Amino acid sequence: MLSHSFYIQPDVVSLARDLLGKRLCTRIDGKQASGIITETEAYAGTTDKASHAYGGRRTRRTEIMYGEGGTAYVYLCYGMHSLFNVVTNIVGVPHAVLIRGIQPCAGIEIMMQRRKKVKKGKEFSNGPGKIAEALGIHFSHSGLSLTQTTSRISAPAIWIEEAENKTIPNEIVITSRIGVDYAGQDAKLPYRFLLK
DNA sequence: CGGCCGATCCACT
DNA sequence: GTGGATCGGCCGA
């Protein structure tokens, strides 16, 4: 499991890149599931027009981002999708990384069950709403620690760990972020990272 | 309190 | 490529 020190790194953009190839795991409703992170986006806090925390905006929803790095920021989008983000940096700096894609690893059966509307053969983990649904992550999980054990179980409900396979830098594709046209010039920033 | 909108997904053409 | 689903959050009055 990645340690607290990983999440409090000051550069959210390089941290987003470094999350590629790591394994995102959940143990929710007694079911374990995991996948290798294949797509991320960095959201750079108060100076980033695409961020919910742009301009220092603080609300009950965004308050989670102002907390210590290493917690989950999950919010409802379009009235029906939960989007999972990793909060980074120190208290008071509202940086976050949106997880947009995984390659299913363990618990594929339960993930397909959770995404049962999708016909067989269709992709079911290549978008931020899809991966949260497949992994059982809900916006009510916002604020959960990714590093601290809760109650008697041996791991958090959601955590990230190193994977065996090595990420090769030249297999990483960098583009602008998706769905943030409202952010003006900031929509063009090279803050999206994908594994080929 | 009313109204608008969104870090999306899916079905259909 | 287009449009509908669907509702919490945010803002202005």
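Along each chain, residues carry numbers from 1 onward, in the same order as the chain's sequence is written. In the order they appear in the text, chains get letters beginning with A and ligands get numbers beginning with 1. Only residues with pLDDT of at least 70 are given local features in this predicted model, and only at 80 or more are side-chain atom pairs given and counted; all residues enter the totals for whole chains, interfaces and linings. For side-chain calculations, the full set of non-hydrogen atoms in the structure is used, while hydrogens and water are omitted.

This part takes up the protein's contact with DNA strand B. Nearness is judged by heavy atoms alone; a residue qualifies as near a molecule or strand once a single heavy atom is within 4 Å of it. Lining the immediate surroundings of DNA strand B are 20 residues, of which Tyr 75, Asn 85, Arg 115, Gly 129 and Tyr 182 lie closest. Restricting attention to atoms of DNA strand B within 4 Å of the protein, one finds that 51% of them are sugar or phosphate atoms. Between N or O atoms, a polar contact is any pair within 3.5 Å; within protein, one atom must be a potential hydrogen donor and the other a potential acceptor, and residues adjacent in sequence are included only when both atoms are from side chains. With respect to DNA strand B, the backbone of Pro 128 contributes an N or O atom lying 3.2 Å from a phosphate oxygen. We count a stretch as a helix when DSSP gives it H or I for four or more residues in a row; a strand needs E for two or more, and each element gets its number in order from the N terminus. Of all the elements in the fold, those that place two or more residues in the surface near DNA strand B are β4 (81-88), β5 (95-104) and α4 (128-135).

A few words now on the packing of aromatic side chains. Two aromatic rings from Phe, Tyr or Trp, using only the six-membered ring of Trp, form a pair when their centres are within 6.5 Å; if the ring planes differ by under 30 degrees the pair is stacked, by over 60 it is edge-to-face, and anything between is tilted. According to the stated counting rule, one finds 2 aromatic pairs in the structure shown. With a centroid separation of 5.5 Å and 90 degrees between ring planes, the pair formed by Phe 6 and Tyr 7 is classed as edge-to-face. The pair Phe 6 / Tyr 7 is uniform in exposure class, with both members buried. A ring is considered to have a charge above it if a Lys NZ or an Arg CZ atom is located within 6 Å of its centre and within 35 degrees of its normal. The cationic tip of Arg 58 hangs over the ring face of Tyr 66; the distance from NZ or CZ to the ring centre is 4.1 Å. Directly above the aromatic system of Tyr 43 lies the positively charged group of Arg 177, at a separation of 4.7 Å from the ring centroid. Note on exposure labels: buried denotes an accessible area under 20% of the residue type's maximum, exposed denotes more than 50%, and partly exposed covers the range between, all computed with a 1.4 Å probe on protein chains only.

With that settled, the discussion passes to the protein's contact with DNA strand C. Close contacts around DNA strand C come from Arg 57, Thr 59, Arg 61, Thr 62, Leu 76, Tyr 78, Gly 79 and Met 80, and that covers them all. Counting only the atoms of DNA strand C that lie within 4 Å of the protein, the sugar and phosphate share comes to 74%. Take Thr 59: an N or O atom from its side chain is 2.7 Å from a phosphate oxygen of DNA strand C. The backbone of Tyr 78 places a nitrogen or oxygen atom 2.7 Å from a base oxygen of DNA strand C. Three classes are used, and their members are as follows: Ala, Val, Leu, Ile, Met, Phe, Trp, Tyr, Cys and Pro are nonpolar, Asp, Glu, Lys and Arg are charged, and the others, Gly among them, are polar. Split by residue class, the surface near DNA strand C holds 3 nonpolar, 3 polar and 2 charged.

Take the nonpolar core next. To define a nonpolar core, start from buried Ala, Val, Leu, Ile, Met, Phe, Trp, Tyr and Cys residues and group those joined through side-chain atoms within 4.5 Å. Counting residues in each nonpolar core, the largest one holds 37 residues, and the members touching the most others are Leu 19, Leu 24, Phe 84 and Ile 99. Counting 15 residues, the second largest nonpolar core, distinct from the first, contains Tyr 43, Ala 53, Tyr 66 and Ala 183.

So, about the environment of Pro 169. For Pro 169, the position within the fold is in the loop between β6 (158-161) and β7 (172-175). Along the primary structure Pro 169 and Leu 195 are separated by 26 residues, whereas in three dimensions their C-alpha atoms are 9.2 Å apart.

Our focus in this paragraph is the pairing of strand β2 (residues 31-43). The side chains of a regular strand alternate between both faces of the sheet. Where burial is concerned, most of β2 is hidden: 11 out of the 13 residues are buried. Note on pairing: DSSP must find at least two bridges between two strands before they are called paired. Note that strand β1 (residues 23-28) and β2 share 6 bridges and pair antiparallel. Note that in β2 the partner of Arg 27 across the bridge is Gln 32. Between β1 and the antiparallel strand that follows it, β2, lie 2 residues; Asp 29 among them carries a positive phi value of about 55 degrees. Pairing between β2 and strand β8 (residues 192-195): 3 bridges, direction antiparallel. The partner of Glu 39 across the bridge, within β8, is Leu 194.

With that settled, the discussion passes to unusual backbone geometry. In most cases, non-glycine residues show a negative phi, while peptide bonds are predominantly trans. The backbone of Asp 29 sits at a positive phi, close to 55 degrees, despite the residue not being glycine. Exposure remark for Asp 29: the relative accessible area of 70% places this residue in the exposed category. Backbone geometry places Tyr 78, a non-glycine residue, at a positive phi of 55 degrees.

Definition used for salt bridges: Asp or Glu carboxyl oxygen within 4 Å of a side-chain nitrogen of Lys or Arg. Within the structure shown, the criterion is met by 10 salt bridges. Close ionic contact of Asp 48 with Arg 177 constitutes a salt bridge, the shortest N to O distance being 2.7 Å. Taken together, the positions of Asp 48 in the loop between β2 and β3 (72-77) and Arg 177 in the loop between β7 and β8 put the pair 129 residues apart, joining distant regions of the chain. In this pair, the class of Asp 48 matches that of Arg 177, namely buried. A network of salt bridges, in which partner residues are shared, links Glu 39, Glu 41, Arg 100 and Arg 192.

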